[in-house]
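Next come the chains, spelled out residue by residue.
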Amino acid sequence: MELKILEQYILGGIVATWLGFALIYFLGVKKSKPDDGLDLRKQTNELVRTQPRNDGAIDVIIVGAGVAGAALAYSLGKDGRRILVIERDLGLQDRIVGELLQPGGYIKLINLDLEDCVEDIDAQKVFGYALFKDDKSTSLAYPLEKFTRDVAGRSFHNGRFIQRMREKAATVPNVRLEQGTVTSLVEEKGAVRGVRYKTKAGQDITANAPLTIVCDGCFSNLRRGLCKPEVDIPSSFAALLLKNCEAPYPNHGHVILADPSPILCYRISSTEIRCLVDIPGKKIPSVGNGEMALHLNTNVAPQIPLELRGGFIAAVDEGKIKTMANRSMPAAPQPTPGAILLGDSFNMRHPLTGGGMTVALSDVVIVRDLLRPLATLNDTIALCEYMNSFYTLRKPVASTINTLAGALYKVFSASPDEARTELRQACFDYLSLGGMFSSGPIALLSGLNPKPSSLVLHFFSVAIFGVGRLLLPFPSPQRTWLGIRLIMDASGIIFPILKAEGAAQMLLSSPTNPAYYKSPF
């Protein structure tokens, strides 16, 4: 039996390696053009020639003070911009997502001088993931060996983290945070000139600035004029807080390949573990009439690892069950002079991989670096053309994390289809091999290796590995056909996501300035 399994792994590894060479050759054939239509130096010089203002007016209005908005306010304020941040509720929020920051996101925090925002909030270090399927489990460590500083993932209460970021932004003298609700953008001759908002006291105010950055989250009421939103809701989370129990793998996120879809568990404080149960579809059991508790106790609890099962049942019995729809939305910008979108108002992916904050912070770094050399933002037309480069520069990080989130959710979900079941098992066994078979995919998930081509390579390596298992020791017509269906199923998962992310630009274009994505260490 052991010899048969070894033969499967060897054949799968050989085929996957050859596929990798073929993919690398194909992706390397197209040479990047010397000028991708983004002459940033020329555009920057044209903008810098304009004299800066000394009238005390606002340079940038930021709508929303979540992860993206607060980080951007601090960064642009430190660079000398005069910032007005308008946030609907500046109080401490209790959310069930945005609680796990990948190592790639932590590196962006360091880049933004915001790493101290994870201190003094009982944040927990995360060094990798544990994957569970049936009665087996495997651990996948983040490849952190090359980093000399305190780089790891962090998990925490989202509200505490955001409050720390807001407090730090408020320490910058030229940043002003105001509680209010933005009702509309102020537009004039096709350009955004500012916002209209209602203060906490009920006063209607119009604020003007040459640049408005909208970061008002997944429920944004301002995005429609700035992008082409296509929001999909593949599933919802039922969230529980498990108290005073120990996880099987300390300092790891736990992904349980349950039926019908994955379950996530990760520690968010020294005494609490967040558990997110994915429920496919748009209709979920009612919390109010007890249907949800019955579903969790009857169908979900038996699939929870023993170490966490008691805490899970106790949390269900406590009755504090929260639910949230999981949204995905590809970035489809409509460049508009005077305004850009950031964060969940601009781009969302399934939260299975915990990549949302990493994408948001990466986008903040890019926007900050693009705006940094500009003495003024007054020429909104020239600024809009210049900022179009943002949508190319964000592709490596954003598209890698977005594509992986969508693909893994489909692969990790149970299916009655035999080919999909084989693909799911192949993925678990491939990651269990360790070495480059686990470090490569986990580097993609963690935001440490933002290379879409590497993602495609590993995804099809899993598929070819699965085919190799089916064909050993001797192929039969039935198993050969199943192998063909497995490849077709894998293609049917990845290619629509690549198309939505803009496959040509994602895989074949080189970022204008790759230095934005280099580690600061």
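Residues numbered from 1 in each chain as written. Predicted model: local features only at pLDDT ≥ 70, side-chain atom pairs only at ≥ 80, totals over all residues. Heavy atoms only, no water.

*Asks:* Can you help me understand the overall build of the protein chain in this one?
*Replies:* Looking only at helices and strands, the protein chain has 16 helices and 17 strands in total. Residues classed as buried in the protein chain amount to 55% of the 521 residues present. Taking contacts inside the protein chain between residues at least 6 apart in sequence as the whole, the part at least 24 apart equals 75%. When the accessible area of the protein chain is evaluated, it comes to approximately 22,500 Å², of which 55% is carbon and sulfur surface. (Helix = DSSP H or I, 4+ residues; strand = E, 2+ residues; numbered from the N terminus. Buried < 20%, exposed > 50% of the residue type's maximum accessible area, 1.4 Å probe, protein only. Contact = heavy atoms within 4.5 Å. Areas by Shrake-Rupley, 256 points an atom, 1.4 Å probe, with all protein chains shown as cover.)

*Asks:* Help me understand the packing of helix 8 (residues 356–371) against helix 9 (residues 380–387), please; the structure alone is not making it clear to me.
*Replies:* Between two packed helices, the angle of one axis relative to the other and the distance separating the axes together describe the packing. The interhelical angle for the contact between helix 8 and helix 9, taken along N-to-C directions, is 130 degrees, at an axis separation of 11 Å. Taken together, helix 8 and helix 9 sit at an angle that is classed as oblique. When the axes of helix 8 and helix 9 are compared, the crossing they make is right-handed. Residues Val367, Leu370 and Leu371 of helix 8 form the contact with helix 9, whose own contacting residues are Leu383, Tyr386 and Met387. Here the contact of helix 8 with helix 9 is composed, by residue class, of 6 nonpolar, no polar and no charged. (Axes fitted to C-alpha atoms, helices over the stretch in contact; angles between N-to-C directions. Parallel < 35°, antiparallel > 145°, perpendicular 65-115°, else oblique. Left-handed = near helix turned anticlockwise from the far one by under 90°. Nonpolar A, V, L, I, M, F, W, Y, C, P; charged D, E, K, R; others polar.)

*Asks:* Looking at this model, I keep getting lost on empty space enclosed by the protein. Mind explaining?
*Replies:* A probe as big as a water molecule, rolled over the atoms, marks out the empty space that is left. Taken as a whole, this structure holds 6 cavities of 30 Å³ or more when the rule is applied. The calculated volume of the largest cavity comes to roughly 310 Å³. Along the walls of the largest cavity sit 23 residues, with Leu404, Leu408, Phe412, Leu431 and Pro441 positioned nearest its centre. The element best represented in the lining of the largest cavity is helix 13 (residues 436–445), accounting for 5 residues. Looking at side-chain class alone, the lining of the largest cavity contains 20 nonpolar, 3 polar and no charged residues. Approximately 70 Å³ is the volume found for the second largest cavity. Leu211, Pro335, Thr336, Gly338, Ala339, Ile340, Thr380, Leu383, Cys384, Met387, Asn388 and Tyr391 are the residues that line the second largest cavity. Those elements that place two or more of their residues in the lining of the second largest cavity are strand 17 (339–341) and helix 9. Within the lining of the second largest cavity, the residues separate by chemical class into 8 nonpolar, 4 polar and no charged. (1 Å grid on protein atoms, 1.4 Å probe; cavity = no way out; pocket = protein on both sides within 12 Å on 5 of 7 lines; lining within 4 Å. Points joined across faces, edges and corners; volume = space filled by probe spheres on them.)

*Asks:* Sorry if this is basic, but what is going on with helix 14 (residues 452–471) here?
*Replies:* Because each turn of an α-helix spans 3.6 residues, side chains separated by three or four positions in sequence point in the same direction. An ideal rise of 1.5 Å per residue puts 28 Å on 20 residues; helix 14 measures up with 29 Å between its terminal C-alpha atoms. With 18 of 20 residues buried, helix 14 lies mostly within the body of the structure. (Expected span 1.5 Å × (residues − 1).)

*Asks:* Quick question: what am I supposed to make of the packing of aromatic side chains here?
*Replies:* The geometry of two aromatic rings is summed up by the distance between their centres and the angle between their planes. On inspection of all chains with the given rule, the structure shows 10 aromatic pairs. Consider the rings of phenylalanine 390 and tyrosine 391, whose centres lie 5.2 Å apart with planes at 65 degrees: the pair is edge-to-face. A residue is classified by how much of its surface remains accessible, and phenylalanine 390, at 0% relative accessible area, is buried. Judged by relative accessible area, tyrosine 391 falls into the buried class, the value being 15%. Consider the rings of phenylalanine 459 and phenylalanine 460, whose centres lie 5.8 Å apart with planes at 90 degrees: the pair is edge-to-face. Exposure remark for phenylalanine 460: the relative accessible area of 12% places this residue in the buried category. (Phe/Tyr/Trp six-rings, centres within 6.5 Å; stacked < 30°, edge-to-face > 60°.)

*Asks:* How do you make sense of the nonpolar core when you look at a structure like this?
*Replies:* Buried together is how nonpolar side chains tend to be arranged in soluble globular proteins. If you look at the biggest cluster of nonpolar residues, it comprises 126 residues, and the most contacted ones within it are Phe161 and Ile213. Among residues more than four places away in sequence, those in contact with phenylalanine 161 are Val67, Leu109, Cys117, Val118, Ile121, Phe156 and Met357. Listed in part, the 24 residues of the second largest apolar core include Phe132, Ala258, Cys275 and Leu296. (Core = buried A, V, L, I, M, F, W, Y, C linked by side-chain atoms within 4.5 Å.)

*Asks:* Just checking my understanding: could you explain the sheet that holds strand 3 (residues 100–101) for this structure?
*Replies:* Strand pairing in a sheet is mediated by backbone hydrogen bonds. Such pairs are either parallel or antiparallel. The antiparallel open sheet is built from 3 strands, whose spatial order is 3-7-4. Among the strands making up the open sheet, the edge pair consists of strand 3 and strand 4 (124–126). (Pairing = 2+ DSSP bridges.)

*Asks:* It is not clear to me how the confidence of the model for the protein chain should be interpreted in this structure. Could you clarify?
*Replies:* Caution applies to low-pLDDT parts of the model: their predicted coordinates are not meant to be read in detail. Residue-level pLDDT values for the protein chain average 88, and 86% of them are 70 or greater. Counting contacts from residues 510–521, a segment whose pLDDT is below 50, to residues more than four positions away or on other chains yields 28 contacts. (pLDDT = per-residue confidence, 0-100.)

*Asks:* For this particular structure, what's the right way to read the side chain of serine 236?
*Replies:* On the secondary structure map, serine 236 appears in strand 12 (residues 232–243). For serine 236, a relative accessible area of 6% translates into the label buried.

*Asks:* I'm lost on the sheet that holds strand 16 (residues 322–328) in this one. Help?
*Replies:* In space, the 7 strands of this open sheet follow the order 6-5-13-14-15-12-16, with mixed pairing throughout. Whereas interior strands pair on both sides, the edge strands pair on one side only; in this sheet they are strand 6 (136–141) and strand 16. The sheet shows a mean angle of 20 degrees between the axes of neighbouring strands, direction not considered. Pairing of strand 5 (residues 128–133) with strand 13 (residues 253–256) involves 4 bridges; the strand directions are parallel. The residue of strand 13 that forms the bridge with phenylalanine 132 is isoleucine 256. In the packing of helix 6 (residues 291–300) onto the sheet, the strands contacted are strand 12, strand 14 (263–267), strand 15 (272–280) and strand 16, and the crossing angle to strand 15 comes to about 95 degrees. Along the sheet, helix 12 (residues 418–432) contacts strand 5 and strand 6; its crossing angle with strand 5, the most-contacted strand, is approximately 135 degrees.

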